Amino acid sequence: MRDRPIGVFDSGVGGLTCAKELLKLVPNENIIYLGDTERVPYGIKSKETLCQYTNDDVDFLQRRGVKLIVAACGTVSSNVSASQITNLSVPFIDVIAPTISAAVKATKNKRIGIIGTPATIKSGSFNTRLKMFDKDIQTISNGCPQLVTLVQEGYIEEDNFITNNVCKEYLAPIKAFGVDTLILGCTHFPIISKIIQNIMGEDVTLIDAGYSAAMEVKNVLRKLDIERLSPRDKVEYYVTSQPEEFNRVANIFLGEGCDAKAILADIKD
Ligand code: DGL
């Protein structure tokens, strides 16, 4: 059991924000990453469709013998529960609980912003769970569908004119609300966190859903006593279309020493 890999999935490059942290936080663990790039974006799909996609993604990873699965995707985490995954036979971690707990710890003025995909914001999952933690917390949220496309297409440099302007537009009402904490509820968004931080200002704490989920993985592996003991010998990236596009963004984001070479796969393989 210990030596089996961890499975991480997202619609595209967003889950790399979790994988990047896992590479550092759990240095022995082997990782199998799936980016369902054929069907990206997930964030504008119905709950029924998201449930079907999640079942496909989980089956794909389980066929590769993973010991634990992370839905490194705010949209899936907000719209599909583990009980809706038909053949799930390993622990399943989503981004909501760890992200909420990091945001609650960070806020001082109890004003928290949430940005995510339209499906995530529509589900109200982050808002509801924040208020369950503390009813005095005030939230403001905004669905930001264009940001997923911009990140997928590689418009990620800090000075990118288009991404800066789109972010300004989406963030304006959140800034005006006076939040001191902003949840990046879509895992694509930490890839452009510098742009978001510049717009929001240094006083606002950004909560990265990918990082939060990676921390949770580390805790769960320890709790279940299924940590791998020997050094990592495998990191595999699979995508369901356009591996070159994925590799380009992945290698900029993962940085030096990470040479992602995604394998093109059929989700039914
Ligand atoms: N990265 C995903 C999320 O966290 C999905 C974005 C999308 O495909 O729309 O929501």
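Residues numbered from 1 in each chain as written. Predicted model: local features only at pLDDT ≥ 70, side-chain atom pairs only at ≥ 80, totals over all residues. Heavy atoms only, no water.

(A) Geometry of the pairing of strand E7 (residues 181–184). Of the two faces of E7, the one carrying Thr-181 and Ile-183 and the one carrying Leu-182 and Leu-184 are both buried. Two strands pair when backbone bridges link them, and E7 and strand E8 (residues 205–208) are joined in this way by four bridges, in the parallel orientation. Pairing of Leu-182 across the sheet is with Leu-206, part of E8. (Buried < 20%, exposed > 50% of the residue type's maximum accessible area, 1.4 Å probe, protein only. Helix = DSSP H or I, 4+ residues; strand = E, 2+ residues; numbered from the N terminus. Pairing = 2+ DSSP bridges.)

(B) Region of the structure containing the pattern of salt bridges. Counted under the stated rule, the structure contains 13 salt bridges. As a salt-bridge pair, Lys-110 and Asp-134 come within 2.6 Å of each other at their nearest N and O atoms. Placement of Lys-110 in the loop between helix H4 (96–106) and strand E5 (111–116) and of Asp-134 in the loop between helix H6 (125–133) and strand E6 (138–143) is noted, with a sequence separation of 24 residues between them. Assessed through its relative accessible area of 31%, Lys-110 is described here as partly exposed. Linking Glu-245 and Arg-248 is a salt bridge whose minimum nitrogen-to-oxygen distance equals 3.7 Å. (Salt bridge = Lys/Arg side-chain N within 4 Å of Asp/Glu carboxyl O.)

(C) Seen up close, unusual backbone geometry. For the bond from Val-40 to Pro-41, the omega torsion is 0 degrees, close enough to zero to count as cis. Looking at the secondary structure, you find Pro-41 in the loop between strand E2 (31–35) and helix H2 (47–63). For Lys-110, which is not glycine, the phi dihedral falls at a positive 60 degrees. Positive phi values are uncommon outside glycine, yet Gln-242 reaches one of about 45 degrees. Along the polypeptide, Gln-242 turns up in the loop between strand E9 (235–239) and helix H11 (243–254).

(D) Structural detail: the sheet that holds strand E1 (residues 6–10). With parallel pairing, six strands are arranged side by side in an open sheet as E4-E3-E1-E2-E9-E10. Taken across any chain shown, the strands that pair with only one partner, and hence form the sheet edges, are strand E4 (92–93) and strand E10 (263–264). Pairing of E9 with E10, which is carried by two bridges, proceeds in the parallel orientation. Counterpart to Tyr-238 in the pairing with E10 is Ile-263. Lying on the sheet, H2 is in contact with E1, E2, strand E3 (68–71), E4 and E9; it crosses E1 at an angle near 150 degrees. Sheet contacts for H11: E2, E9 and E10; angle to E9, the most-contacted strand, approximately 140 degrees. (Contact = heavy atoms within 4.5 Å. Axes fitted to C-alpha atoms, helices over the stretch in contact; angles between N-to-C directions.)

(E) Summary view of the side chain of Gln-197. Note on placement: Gln-197 falls in helix H9 (residues 193–200). Residue class for Gln-197 comes out buried when judged on its relative accessible area of 18%. If we ignore the near neighbours within four places in the chain, the residues touching Gln-197 are Glu-202, Val-204 and Leu-206.

(F) Spatial organisation of the sheet that holds E6. Reading across from one edge, E6-E5-E7-E8 is the order of the four strands in this open sheet, with parallel pairing throughout. The open sheet is flanked by E6 and E8, the only strands paired with a single partner. Put simply, the sheet's adjacent strands are angled 20 degrees from each other on average, direction ignored. One ladder, built from four bridges, connects E5 with E7; its direction is parallel. Its bridge partner lying in E7, Ile-115 is registered against Leu-184.

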